[in-house]
Amino acid sequence: MTTTPTAATQTVHLAQLHLAARSRDVHRDLKDATRLHTTIQALFPDALGPAPRTATNTLYRIEREQTGALLLIQSTLPINRNALPSGYASQVEYRDLGPLLNWVDEGRVVRFRIDANPIKSVPVPGARRGKRVPVSGEEALAWWERQAGRAGLANQLVLDLPQPDVLGSRSESKGIRLRAMRFEGVATVTDPEALRTAITTGIGQGRAYGLGLLSIAPYRS
C-alpha cells in the first residue's frame, strides 16, 4: 500500500534565480504571469497528471531589489535549471528547507513574508455563490489575521504593503488581474504542523501566478 507524503515528510526545495536584466524572456514573463507560470512549469517533468502545479506544490514569488529581480521557486520536486530559456538567470542558488521546517516548534518566533490576494465574498442576488472581490486596509489586515491563525501563526507585528497587480493573458478576450498585497512582520508559532502545511502548499488565491508563498525565518531581536 502506498501513502501520500504529508507536509512533514515531503522534501521542500527552494530555488533562487537572479534574473538576467537584459533577457527578453525575463521582460516578457515579468509582464505576464501566465507566461511566467508556463516558464516555471517547464522546469518540471511532463507526466505529472492533470494538475502539475499541485503535484509538486510549486509556488513562486518575485522579489524586486535594487540589484534586479529575484525569482523564488519553492516546490517538493527540484527544478531542472537546464530547462530555463538561454540567458534567463545570471545565478541560481538552491536550498533545502527541511532544517527550517524541522526547527519550527510551538512558541518559536519568526519573521514572515507573503504576497497574497486578500478577498471577501459579496452576495449576488439569485446566485448560490457570492462574488469574490479584493479588499484593502483594515479588511485586508483582518483577512491576513484569519489566514495566519489557520496557518499556525499568532501575529505580533504586521505590515501591509500594496504590490503591483498580477496581470496575465488567459485568452484573446479575457485576461487575469489579481490584487496583490504583501504581508510581512513577526509572529509566534502556535501550531507547527499547520505552519508546515501552509508553507508547503501555499495560502489563498492566485498560487499559480506568484501569490501564496509563505516564507519564514527565525526572528532575532
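Higher on the page you've got the structure.
## Details of the pairing of strand 3 (residues 68–75)
1) Next: Most of strand 3 sits out of view: seven of its eight residues are buried.
2) Next: For strand 1 (residues 13–19) and strand 3, the ladder comprises six bridges, and the chain directions are antiparallel. Following the sheet pairing, L17 is matched in strand 3 by L71.
3) Next: Examined bridge by bridge, strand 2 (residues 59–65) and strand 3 share seven bridges and lie antiparallel to one another. Each residue of the ladder has a partner; that of L59, found in strand 3, is Q74.
4) Next: Counting the residues that bridge the hairpin from strand 2 to strand 3 gives two residues.

## Some words on the packing of aromatic side chains
1) Next: The tally for this structure, following the rule as stated, stands at three aromatic pairs.
2) Next: Their ring planes at 10° and their centres at 5.6 Å tell us that W144 and F183 sit as a pair that is stacked. With a gap of 39 residues between them, W144 in helix 5 (residues 137–150) and F183 in strand 9 (residues 175–189) connect regions that are remote in the sequence.
3) Next: Among the residues examined, W144 registers a relative accessible area of 0% and is labelled buried.
4) Next: One aromatic cluster is present, built from ring pairs that chain together F112, W143, W144 and F183.

Reading the values: rules and limits
Residues numbered from 1 in each chain as written. Predicted model: local features only at pLDDT ≥ 70, side-chain atom pairs only at ≥ 80, totals over all residues. Heavy atoms only, no water. Buried < 20%, exposed > 50% of the residue type's maximum accessible area, 1.4 Å probe, protein only. Helix = DSSP H or I, 4+ residues; strand = E, 2+ residues; numbered from the N terminus. Pairing = 2+ DSSP bridges. Phe/Tyr/Trp six-rings, centres within 6.5 Å; stacked < 30°, edge-to-face > 60°.

Function cannot be read off these values alone, since they describe shape.
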